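Chain by chain, the residues run as shown.
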Amino acid sequence: MAAHLSYGRVNLNVLREAVRRELREFLDKCAGSKAIVWDEYLTGPFGLIAQYSLLKEHEVEKMFTLKGSRLPTADVKNIIFFVRPRLELMDIIAENVLSEDRRGPARDFHILFVPRRSLLCEQRLKDLGVLGSFIHREEYSLDLIPFDGDLLSMESEGAFKECYLESDQTSLYHAAKGLMTLQALYGTIPQIFGKGECARQVANMMIRMKREFTGSQNSIFPVFDNLLLLDRNVDLLTPLATQLTYEGLIDEIYGIQNSYVKLPPEKFAPKKQGDAGKDLPTEAKKLQLNSAEELYAEIRDKNFNAVGSVLSKKAKVISAAFEERHNAKTVGEIKQFVSQLPHMQAARGSLANHTSIAELIKDVTTSEDFFDKLTVEQEFMSGIDTDKVNSYIEDCIAQKHPLIKVLRLVCLQSVCNSGLKQKVLDYYKREILQTYGYEHILTLYNLEKAGLLKPQMGGRNNYPTIRKTLRLWMDDVNEQNPTDISYVYSGYAPLSVRLAQLLSRPGWRSIEEVLRILPGPHFEERQPLPTGLQKKRQPGENRVTLIFFLGGVTFAEIAALRFLSQLEDGGTEYVIATTKLMNGASWIESLMEKPF
């Protein structure tokens, strides 16, 4: 059991156990010793649901990464390929199978597609003459992976690009399937709300799947009261801004992958006297970040400016606890102190790690360039000078700052101005292409198609109306003891989370005008529940809303939703699901065309 998955109102261990059971059943079908050949992208997500120990229990003896040419030698009876349904991966698998040494003992091949089998891929294997070599060809529907007690992700890296650029609905189908799995485990969700074109399609798919699945009635008492489906393109602004929560900044600077972060090792080397000349470690320090760690759960969602005071308070508490050993006189007292020692040492290690991470982040956030960039972002978001060429962006291009940083700022300006005037847009494009190379013209086209960098249509800027109606900009933000979600960006309240907040109270009828300006339809659907399963809410009991971000979500938005869940009079607790955990840099990168 993963204890951190069951702390919230919804026990996500139920989902984790269900997917683990399905994996065990498949492994047991392939009798005898096994080697798994991994599509490298899948190893991270799989690590969250099944450690090596579980695979070992089911006779998995070796693990390899999927690569061309021959497979490494392994004295096993079964070779199992765990892969995404991608054509280029099928070519590598065929190469592996065809170069198998016929003289050695015969080995059985199996293939497990994650999350779906694909006819195209099977046809490719057939064309390459290896389809008949596979005894089991199955799919493993790993749609939603539990990351934390209130967080699920599909980790589908191309979902936004597929939906908004390529009109490919595969990831929407997987999202609908994932939601059907959740309903099978946690009961039918009585009310579905949504905003955006993709949200509408996912809701339609769910309703159709429910109608087609006319088997036994779902007799599980519903855990969720509402589902809110939100398109990422309803709020293009939020991911472009720099996140200012502790977890958000770790992700912005170092990138969090499948709840792990790799950090520069020199900050974590044990400091001992006389060690000055010793070689510093060169291997990156890898840390897991989730709420299983008490201190991280406390500081992850705070504005970074409020983290220092928490760490110094913790340091005092821990050193006071260690001082207690001098007061332990009797055998009983000494025994009690010793029993608390492992917990105290873990707390001290955790504090040392997070103090080092905070120092690394502070080096970045106190730099002049970080301050200049943040000032420009906040001017755009509060509506200052969004309609003319920005001198800081010009300087960044002239000094050839990283292209992703430049694109992120230009897109932010475009979104905060409902598109740029044609001459401003042309100027930026020309400067970017002349500085960074003409191959990026395809990237600029993608950004325009996604609605991130576009000319202003009809000469009207709708952003001020949206900003004022939804109170997206707050001048007086209390970063230490926040009273509003805008603390996560030190002034800007994420539009997506504001929509969720207003839906819960007083309802979307109060903002009809803004909903019409934002892209895509808004809708409400009811799913009838069998008699006896209707929920009678106890006085003071909060509603549970599952909010699904189609196209990705940032850690700052997650922090804002957790803040709303913890409000005394909030009335709603949120569980968050998404196609991908992302930040502005990884999002822009997913839309960039790789130069040939």
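Throughout what follows, the structure given in this document is the object of discussion. If you're wondering where the values come from, they're calculated on a predicted model, not measured in any experiment.

Moving on, we get to the sheet that holds strand β11 (residues 260-263). Pairing is antiparallel in the open sheet, where 3 strands are placed in the order β10-β11-β12. Across the chains shown, the open sheet's two edge strands, defined by having one partner strand only, are β10 (256-257) and β12 (285-288). Pairing of β11 with β12, which is carried by 4 bridges, proceeds in the antiparallel orientation. Among the inter-strand pairings, V261 is bridged to a residue of β12, identified as L287.

Applying the stated criterion to the full structure yields 1 cavity of 30 Å³ or more. Estimated volume of the largest cavity: approximately 80 Å³. Contributing to the lining of the largest cavity are F147, D148, L151, E247, I256, Q257, N258, S259, L289, R300, F555 and L581. For the lining of the largest cavity, the secondary-structure elements that each account for two or more residues are β6 (145-148) and β10. Class assignment of the residues belonging to the lining of the largest cavity gives a composition of 6 nonpolar, 3 polar and 3 charged.

Moving on to the nonpolar core. The biggest cluster of nonpolar side chains holds 167 residues, and the ones touching the most others in it are F46, F82, L452, L499 and F548. Counting 23 residues, the second largest nonpolar core, distinct from the first, contains F64, A74, C121 and F134.

This part takes up a negative patch on the surface. There is a patch of like negative charges on the surface, built from E25, D28, E59, E61 and D75. For D75, the position within the fold is in the loop between β2 (60-65) and β3 (78-83). The class of D75 is exposed, set by a relative accessible area of 71%.

Another aspect to go through is the packing of aromatic side chains. Scanning the entire structure with this criterion turns up 15 aromatic pairs. Aromatic ring contacts, followed pair by pair, group W38, F46, F82 and Y140 into a single cluster. Its guanidinium or amino end placed over the ring of F523, R200 lies 4.1 Å from that ring's centre, counting from NZ or CZ. Positioned above the aromatic ring of Y260 is the side chain of K286, whose terminal nitrogen or guanidinium carbon lies 4.8 Å from the ring centre.

Turning next to the pattern of salt bridges. Pairing is possible between side chains that carry opposite charge, provided their charged atoms lie close to one another. Within the structure shown, the criterion is met by 33 salt bridges. Where R300 meets D148, a salt bridge forms, and the shortest distance between an N and an O atom there is 2.8 Å. Within this pair, whereas R300 is found in the loop between α10 (294-299) and α11 (307-323), its partner D148 is found in strand β6, the two being separated by 152 residues in sequence. R300 gets classed as buried once you look at its relative accessible area, which sits at 4%. Here D148 falls in the buried class, since its relative accessible area comes to 1%. Overlapping salt bridges bring together D148, D150, E247, R300, D301 and R562 as one network.

On to unusual backbone geometry, then. Across the junction of V114 and P115, the peptide omega takes the value 0°, indicating a cis bond. By the element assignment, P115 lies in the loop between β4 (108-113) and α5 (119-127). In this structure, P506 follows R505 across a cis peptide bond, with omega equal to 5°. Among the structural elements, P506 can be located in the loop between α19 (495-504) and α20 (512-517). At K400, a residue that is not glycine, the phi angle is positive and equals roughly 55°. Mapped onto the elements of the fold, K400 is located in the loop between α14 (391-398) and α15 (403-415). One non-glycine residue, S418, lies in positive phi territory at about 50°.

Definitions and limits used
Residues numbered from 1 in each chain as written. Predicted model: local features only at pLDDT ≥ 70, side-chain atom pairs only at ≥ 80, totals over all residues. Heavy atoms only, no water. Pairing = 2+ DSSP bridges. Helix = DSSP H or I, 4+ residues; strand = E, 2+ residues; numbered from the N terminus. 1 Å grid on protein atoms, 1.4 Å probe; cavity = no way out; pocket = protein on both sides within 12 Å on 5 of 7 lines; lining within 4 Å. Points joined across faces, edges and corners; volume = space filled by probe spheres on them. Nonpolar A, V, L, I, M, F, W, Y, C, P; charged D, E, K, R; others polar. Core = buried A, V, L, I, M, F, W, Y, C linked by side-chain atoms within 4.5 Å. Buried < 20%, exposed > 50% of the residue type's maximum accessible area, 1.4 Å probe, protein only. Patch = residues over 30% accessible without salt bridge, like charges linked within 9 Å, V, L, I, M, F, W, Y side chains within 5 Å. Areas by Shrake-Rupley, 256 points an atom, 1.4 Å probe, with all protein chains shown as cover. Salt bridge = Lys/Arg side-chain N within 4 Å of Asp/Glu carboxyl O. Lys, Arg positive; Asp, Glu negative; His and termini not counted. Charge placed at Lys NZ, Arg CZ, Asp CG, Glu CD. Phe/Tyr/Trp six-rings, centres within 6.5 Å; stacked < 30°, edge-to-face > 60°. Lys NZ or Arg CZ within 6 Å of the ring centre and 35° of its normal.

The analysis is restricted to geometry; functional conclusions fall outside its scope.
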